[in-house]
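# Structural overview for review
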Amino acid sequence: MNDKLNKQDNAVPSVPVQKSETAFLIEGLGRLDVKDKPYHVKKWDFSPRHTVGVRYPLTVSFDATKPEYVNDIQDALYKFYHHSKRHDSLPLSVNQMNIMKTRLQNIADSLEGTDWSHLNNAKKWKSFTRSLKRRKFGNSIINQILSALNKLTDVGLLSSYVDVQALKKCSMGKGFKQHVAIPHKLYQRIMNHALETIEKYHPYRHDISLAMGEAYDIQRRIKDGEKFSKDGRGSGRDLLMTERSKRGRTTRALKKIDHSIPDFKVDLHATDLADILTSCLVVIQGFSGVRIGEAVSFNKDSVDTIMVNGKPVTILTGETSKGHNGIPTVTTWQSHYVASIALELAYDMMESTRELFHHCVDKKEAEGESAKRVEHMRKQLCSAFLIPRATRQYGDNYIFNPSKSLKRLVKNLPYKATLGDVEEFNTLNPSIEGQFRVGGTYDGLSSHDFRRTFAVFFVRYGFGTASGIKFQFKHQNINMSGYYANNAILAQFNDLLMDDETLNDLKEAGIDLGVDIFDEIYNESEHLSGVKGEVILQERLEKLETGESTIMTRTEIEDNIRRGNFHIMQLPSGAYCTNESCDRVCGSQLFRAEIKECDHKVVTDKGAKKIARQRERLIAKFTNLNNGDPLKSSILIGLKQKIQVEEMTLEAHEIPYTPFTDDILSLPKE
């Protein structure tokens, strides 16, 4: 490209301007007084100046953009790119450019054209918003459209910023919709299914690769005209080479592939392969809290083990581009040993698919593909999570998208939601209350929902409770309470600090939990016990006597928590502690009651029921140990004391019980 041409304003070139997939990177071309700009091409290549995460492509394709809109959309995107580079010091990322391309298409569809200035007209604006509303976009898409409209104003294609409230009314959503926190029973079913899948297929990972490799080879040979049938009807005829005939011969030949893999169908649709890969991904995300873009940067060499407090802890090393202007950086996450097995299965079973993709990239390189794009594609092929349906992969992106197979996984689970599950879902996900019904399931899950669930479980099951959720793997119980405790310790290490967004997720999950608990204390529980519980109960009675409302709304509770006025800790016993600096953790001692009850302790009706169940277990333990052995007498004294102290709580909450009066046995003297 001629340097003088780049500097000219409104220049008319004497010779046709050469088009290029990278021309848009050059500033000043928008001022050329020609309809056909150098960047009016089907694909923009960002590889010379951009680095992206392994999940994302280095190109923006305009193949799906309406032909009558494409040039004007490219002109707007060209302005967006260079405006952001000048004013924000960094240009828009490739992913942001892809989003803006799609949203400009949405705007053009509703505007019925790409004369953006029409939106300055009040009548046209009303017509545009009516059309946009009929398209029933959700909040996230409307917000992206708002961003695109603001950028049109930034670059001078609109004269003023649009009416934000009028645009938000076009959304079909109701307020902010957060990612889902999965109810623990459904989460447990999903995880157990994923773990069972990994346990089932890990020994066959190389067999899966060999079988799929044989399938790819058969398809290639049939495409080349090779005859597989040696005898039978039609064996002497010339082969029909229509696509339908080749597909039919391929399907018949694939059925004859001999393998010993249980419940695995070898075909080019690769549905079973995708389902296994999804289970591997579910385990990785569920046992680390990583984003989908971070998970797909892993392979079987991403796993290591370090010692924490004398115990081995699995860590994963991969890339994240969050919070770094889209530029990937290497970081580390704590995980569980099952992650290494999941990654080994995912990586090894995709080996023949990976080899096929390498041949594709080699061919693209031979055909003149840019070195940077080839380098990025080969980096993608290091991932454990490649596209399973290899024969339908035509673009530059080789990374697996699990959305369809994740929905299939949840849909096929032997699970029906109970009333308790629905109540838990509504509590954890107030913005989508009602979308989870008794007898059904929630099939709208995305990969990011596992990240939010990780944060919720970290807070609700990780600290101050012995009831950590358990999963089954290789005939062992994986108790998650220890896993989360390790995560808390590792978060203090400088080289394993959680990113700001993870910490914010944990903070918000903690606030949600606090709101639930204080709502239970102030609004739901008829009885309260414990020193602090009795104080709150007395305050309630005094308000009733003066005619004041005793109800505290969840909004008021949340406001008090965020201001630091309310503090709560969930205790192993079923009680709560309101002391922000507590290090006592009442109820953590199994064999004795607290010497002096804490002034900050609160027990609700729900907590008292948990204490009643715990008391029954303590009675069973007392009976089992009470065999006259003098060495056990001190343990039995502590158990009896704790059982009888808990009876005081049951009495306060009007829970019926039979007083415990068993004596401690002693062996007869000889």
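Residues numbered from 1 in each chain as written. Predicted model: local features only at pLDDT ≥ 70, side-chain atom pairs only at ≥ 80, totals over all residues. Heavy atoms only, no water.

## Describing the overall build of the protein chain
In terms of regular secondary structure, the protein chain is built from 23 helices and ten strands. By the burial criterion, 47% of the 670 residues in the protein chain qualify as buried. Long-range contacts, defined here as pairs at least 24 residues apart, represent 66% of the contacts in the protein chain between residues at least 6 apart. For the protein chain, the accessible area works out to roughly 35200 Å², and carbon and sulfur atoms hold 49% of it. (Helix = DSSP H or I, 4+ residues; strand = E, 2+ residues; numbered from the N terminus. Buried < 20%, exposed > 50% of the residue type's maximum accessible area, 1.4 Å probe, protein only. Contact = heavy atoms within 4.5 Å. Areas by Shrake-Rupley, 256 points an atom, 1.4 Å probe, with all protein chains shown as cover.)

## Overview of the sheet that holds strand β9 (residues 576–577)
Here three strands make up an open sheet; going across it, the order is β8-β9-β10 and the pairing antiparallel. Strands with a single pairing partner mark the edges of an open sheet, and in this sheet they are β8 (569–570) and β10 (601–602). Sheet topology note: the β9/β10 ladder contains two bridges and is antiparallel. Paired with Tyr576 across the two strands is Val602, which belongs to β10. (Pairing = 2+ DSSP bridges.)

## Thoughts on the packing of helix α10 (residues 271–286) against helix α15 (residues 403–411)
Packing of α10 against α15 brings their axes to within 9 Å, and their N-to-C directions diverge by 85°. One element, α10, and the other, α15, form an angle in the roughly perpendicular class. Contacts between α10 and α15 pair Thr271, Ala274, Asp275, Thr278, Ser279 and Val282 from the former with Ser405, Leu406, Arg408 and Leu409 from the latter. In the contact of α10 with α15, the residues fall into four nonpolar, four polar and two charged. (Axes fitted to C-alpha atoms, helices over the stretch in contact; angles between N-to-C directions. Parallel < 35°, antiparallel > 145°, perpendicular 65-115°, else oblique. Nonpolar A, V, L, I, M, F, W, Y, C, P; charged D, E, K, R; others polar.)

## A closer look at the environment of Asp662
Here Asp662 lies in the segment after α23 (633–652). Excluding residues within four positions of it along the chain, Asp662 makes contact with Phe622 and Lys640.

## Looking at the packing of helix α22 (residues 605–625) against α23
To characterise two packed helices, one gives the angle between the axes of the helices and the distance between these axes. At a closest axis distance of 10 Å, the pairing of α22 and α23 adopts a crossing angle of 155°. If you check the angle between α22 and α23, you find them roughly antiparallel. The interaxial crossing formed by α22 with α23 has left-handed handedness. For the pair formed by α22 and α23, the contact residues are Ala608, Ile611, Ala612, Gln614, Arg615, Leu618, Ile619, Lys621, Phe622 and Leu625 on the first element and Ile635, Leu636, Leu639, Lys640, Lys642, Ile643, Glu646, Glu647, Thr649 and Leu650 on the second. For the contact of α22 with α23, a count of residues per class yields twelve nonpolar, two polar and six charged. (Left-handed = near helix turned anticlockwise from the far one by under 90°.)

## Some thoughts on the nonpolar core
By size, the foremost hydrophobic cluster in this structure holds 85 residues, and its most contacted members are Ile190, Ile208, Phe264, Ile284 and Phe385. Counting 47 residues, the second-largest nonpolar core is a separate cluster that includes Trp44, Val52, Phe80 and Ala166. (Core = buried A, V, L, I, M, F, W, Y, C linked by side-chain atoms within 4.5 Å.)

## Some words on the packing of aromatic side chains
Between two aromatic rings, the relevant description is the distance of the centres plus the angle of the planes. By the definition in use, this model includes 17 aromatic pairs. Ring centres of Trp44 and Phe62 lie 5.1 Å apart, and the angle between their planes is 65°; on these two criteria the pair is classed as edge-to-face. Residue Trp44 is found in strand β1 (residues 43–45), and its partner Phe62 is found in the loop between β2 (59–61) and α2 (67–87); the two are separated by 18 residues along the sequence. Of the two residues, Trp44 and Phe62, neither departs from the other in class, the shared state being buried. Between Tyr522 and Phe566, the ring centres sit 5.8 Å apart and the planes meet at 10°, which makes this aromatic pair stacked. Taken as a pair, Tyr522 in helix α19 (residues 500–524) and Phe566 in the loop between α21 (554–563) and β8 lie far apart in primary sequence, 44 residues in all. Accessibility expressed as a relative area gives 16% for Tyr522, which makes it buried. Owing to a relative accessible area of 14%, Phe566 belongs among the buried residues under this scheme. Its end group placed over the ring of Phe62, Lys101 keeps NZ or CZ at 6.0 Å from the ring centre. For the cation-ring pair, Arg354 lies above Tyr347, with the distance from its terminal atom to the ring centre recorded as 3.7 Å. (Phe/Tyr/Trp six-rings, centres within 6.5 Å; stacked < 30°, edge-to-face > 60°. Lys NZ or Arg CZ within 6 Å of the ring centre and 35° of its normal.)

## Quick word on the environment of Arg437
Looking at where Arg437 falls in the secondary structure, it is placed in the loop between α16 (419–428) and α17 (447–462). A sequence separation of 19 residues divides Arg437 from Thr418, and the C-alpha atoms of the two residues are 8.1 Å apart. Residues within four places of Arg437 in sequence aside, it is in contact with Ala417 and Val422.

## Considering the sheet that holds strand β3 (residues 303–308)
A sheet is described by the order of its strands in space; here three strands give the open sequence β3-β4-β5, paired in antiparallel fashion. Whereas interior strands pair on both sides, the edge strands pair on one side only; in this sheet they are β3 and β5 (329–334). On average, each strand axis in the sheet is tilted by 35° relative to the strand beside it, whichever way the strands run. As defined by bridge partners, strand β4 (residues 311–320) adjoins β5 across six bridges and the pair is classed as antiparallel. Counted as the bridge partner of Thr317 is Thr332 from β5.

## Quick look at the pairing of β4
With seven of ten residues buried, β4 is to be regarded as a mostly interior element. With antiparallel pairing between neighbouring strands as the criterion, β3 and β4 make up a hairpin whose turn holds two residues, including Asn309 at a positive phi of roughly 55°.

## Quick notes on helix α20 (residues 531–545)
The terminal C-alpha atoms of α20, which comprises 15 residues, lie 22 Å apart, in line with the 21 Å expected from a rise of 1.5 Å per residue. Turning to α20, its buried residues are Gly533, Ile536 and Arg540. Along the axis of α20, the buried residues cluster in a sector spanning 65°; they form a single face. Backbone geometry just after α20 places Gly547 at a positive phi near 85°. (Expected span 1.5 Å × (residues − 1). Arc of directions from axis to C-beta.)

## What about the side chain of His82?
Within the secondary structure layout, His82 lies in helix α2. For His82, a relative accessible area of 2% puts it in the buried group. Setting aside anything within four residues of it in sequence, one finds His82 in contact with Phe24, Leu25, Ile26 and Glu27.

## What to know about helix α5 (residues 139–154)
Every α-helix winds through 3.6 residues per turn, so residues three or four apart in the chain are directed the same way. The end-to-end C-alpha distance of α5 is 22 Å, a good match for the 22 Å that 16 residues give at a rise of 1.5 Å each. By the burial criterion, the buried members of α5 are Ile142, Ile145, Leu146, Ala148, Leu149, Lys151, Leu152 and Thr153. Elements in contact with the buried residues of α5: α2, α3 (94–111), α4 (122–134) and α6 (164–168). Following α5 by one or two positions, Gly156 has its phi on the positive side, about 90°.

## Thoughts on the side chain of Thr250
Take Thr250: it is sitting in helix α9 (residues 243–254). Classification of Thr250 by relative accessible area gives buried; the value is 7%.

## What to know about the environment of Phe80
By the element assignment, Phe80 lies in helix α2. With 20 residues separating them in the primary sequence, Phe80 and Met100 have C-alpha atoms 9.0 Å apart. In contact with Phe80, not counting residues within four places along its chain, are Leu92, Met100, Leu104, Ala148, Lys151, Leu152 and Val155.

## A word on the pattern of salt bridges
Close approach of charged atoms allows side chains with opposite charge to pair. Inspection of every chain in the model, using the stated rule, returns 28 salt bridges. One salt bridge in this structure joins Asp559 and Arg563, with 2.8 Å as the shortest N-O distance. Here Arg563 and Asp559 lie together in helix α21, a separation of four residues that amounts to about one turn. Overall, the relative accessible area of 36% leaves Asp559 in the partly exposed class. (Salt bridge = Lys/Arg side-chain N within 4 Å of Asp/Glu carboxyl O.)

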